[in-house]
Amino acid sequence: MKFRLEPTALLAYTVTQVGEIQNEWLQELYMTVHNHNPQFIALHFQEVGGKDYMVNMGHAENFFRDIDSSEEMKDFDRVCIYVDNQFQAEDSFTALGSLYFIRKTLKNIYQYDFNVKDFKAVSGRNKHVGPLEGVATVEKEKFPKNFWPDFKWSRKGFMRTRWIIQNQALDLVNVHLFHDASNLVACSSSPSIYSANRKNALRYVINRISDSRYTLLPFVVFGDFNFRLDTRSLVQHLSTAADMQTVKNECNNEVEKIICEEKDTDQQVLLRVEDKLFVYLHPAVFQENNGSAFLKYDKEVAAFHDVIKEEDIEFPPSYPYSEEYTKPTQYMNTRCPAWCDRILMSHSAQDFIYKGEDGEKCVVYNTVGPRVCMGDHKPVFLFFSLKTSDH
């Protein structure tokens, strides 16, 4: 039985060329569905409505309707949609959206009712766009306001649904963790304070979905983890053959810039780092061999190896790509490229993935739209087969 998971961070239509990029985004999604022919699709969105969600939320709802009613998705006769669009409710708004599509040929699929604590057969098209607190088949939570009092409270949290698919029970969890607000702050320590915040948040999510309220099940957590490379260590590495200088503010003596110049006679600026600027002279290195040389700086998931596994990463950093339609393969000079968008799973969940025999390729972990503008995040997907009695 084919099963596919695909998270994305920002909806592509929130950028300037709304219609043009939205159409490309959808075509890339439909092409991925066509190429892999899944029986079950899970789409996890973060920041529904984008940065200007108060203006764009209506467009987001139309976007989801377009997917549901598209000719390309006509073979999926059962749909479950959960979209938290209640931006007026500051205490609970997460801007998360989880969409699940079930093909006609897939039988024996059930969804959990968190109120009665039992599974029920899935039928029809179930769409919940609005307040989700009264919806029994989804559990949603915004991270508590007092989690990190020194940082701005933002629309970050998680959303869980629970399924039985071909007699295999599992949790699917949509997650959005905290970003790096300043490159300079990220450079000031290793690991950074932002990394520590994300570690606390992910541990909180894992504890919540593993607590005693419900039976513990295998789980797959996927979305925008905002994982970043260890910036301090990376900057030290990139500037090994350069002269580094820091520029401080005369008033408060805080670092405003880090400038690394090559030591040769040209003294070209090799690297320039500011709060929201990360400019490296040779940006193509982050895509050479899918960025594999920088995976050693991708350390944040390592703290969870006791409970979480991940398929091998063989694609370039998924963020921050240019939002200009004509530059789909270029990174912006705002942040250091990083694998922000991930699909992680419990050890017990990985155990039921069919790995194939004799070199058979049964698992695909990759980005969507590598040569098309998809927004500043490239969506990431995981395609795999569940083990059956035949396996």
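Cut-offs and rules
- Residues numbered from 1 in each chain as written.
- Predicted model: local features only at pLDDT ≥ 70, side-chain atom pairs only at ≥ 80, totals over all residues.
- Heavy atoms only, no water.
- Helix = DSSP H or I, 4+ residues; strand = E, 2+ residues; numbered from the N terminus.
- Buried < 20%, exposed > 50% of the residue type's maximum accessible area, 1.4 Å probe, protein only.
- Lys, Arg positive; Asp, Glu negative; His and termini not counted.
- Salt bridge = Lys/Arg side-chain N within 4 Å of Asp/Glu carboxyl O.
- Contact = heavy atoms within 4.5 Å.
- Patch = residues over 30% accessible without salt bridge, like charges linked within 9 Å, V, L, I, M, F, W, Y side chains within 5 Å.
- Areas by Shrake-Rupley, 256 points an atom, 1.4 Å probe, with all protein chains shown as cover.
- Charge placed at Lys NZ, Arg CZ, Asp CG, Glu CD.

Trainee: Would you mind going over the side chain of K156 with me for this structure?
Mentor: Checked against the element boundaries, K156 lands in the loop between β8 (139–142) and β9 (157–165). No salt bridge is formed by the buried K156; its nearest oppositely charged neighbour, E47, is found at 4.8 Å. Every residue in contact with K156, bar those within four places of it in the chain, is listed here: K142, F143, H176, L177, F178, H179 and N226.

Trainee: Would you mind showing me how to read the environment of L106 here?
Mentor: Tracing the sequence through the fold places L106 in the loop between β4 (97–103) and β5 (109–113). Since its relative accessible area comes to 2%, L106 is described here as buried.

Trainee: Explain a nonpolar patch on the surface here, please?
Mentor: Together, F151, V185 and I193 make up an exposed nonpolar region whose accessible area comes to about 210 Å². You can see F151 is positioned in the loop between β8 and β9. Residue classification places F151 among the partly exposed positions, given a relative accessible area of 30%.

Trainee: I tried to follow the pattern of salt bridges on my own but got confused; where do I start?
Mentor: Opposite charge on two side chains lets them pair, provided their charged atoms get close. Counted by the stated rule, this structure contains 24 salt bridges. Put simply, D68 and R125 hold a salt bridge, and the shortest N to O gap is 2.5 Å. Here D68, found in helix α2 (residues 53–69), pairs with R125, found in strand β7 (residues 125–129); they are 57 residues apart in sequence, far enough to count as distant. A salt bridge links D230 to K299; the shortest N-O distance between them is 3.2 Å. With D230 in the loop between β11 (219–224) and α5 (231–238) and K299 in the loop between β15 (277–280) and β16 (308–309), this residue pair connects regions lying 69 residues apart in the sequence. On the basis of relative accessibility, which here comes to 10%, the residue D230 falls in the buried class. Because the salt bridges share partners, they merge into one network encompassing E139, E141, R160, R162, D171, R208, D211 and R213.

Trainee: So what exactly am I meant to see when it comes to a negative patch on the surface here?
Mentor: On the surface, E250, E254, E256 and D275 cluster together into a patch of negative charge. Along the chain, D275 turns up in the loop between β14 (269–274) and β15.

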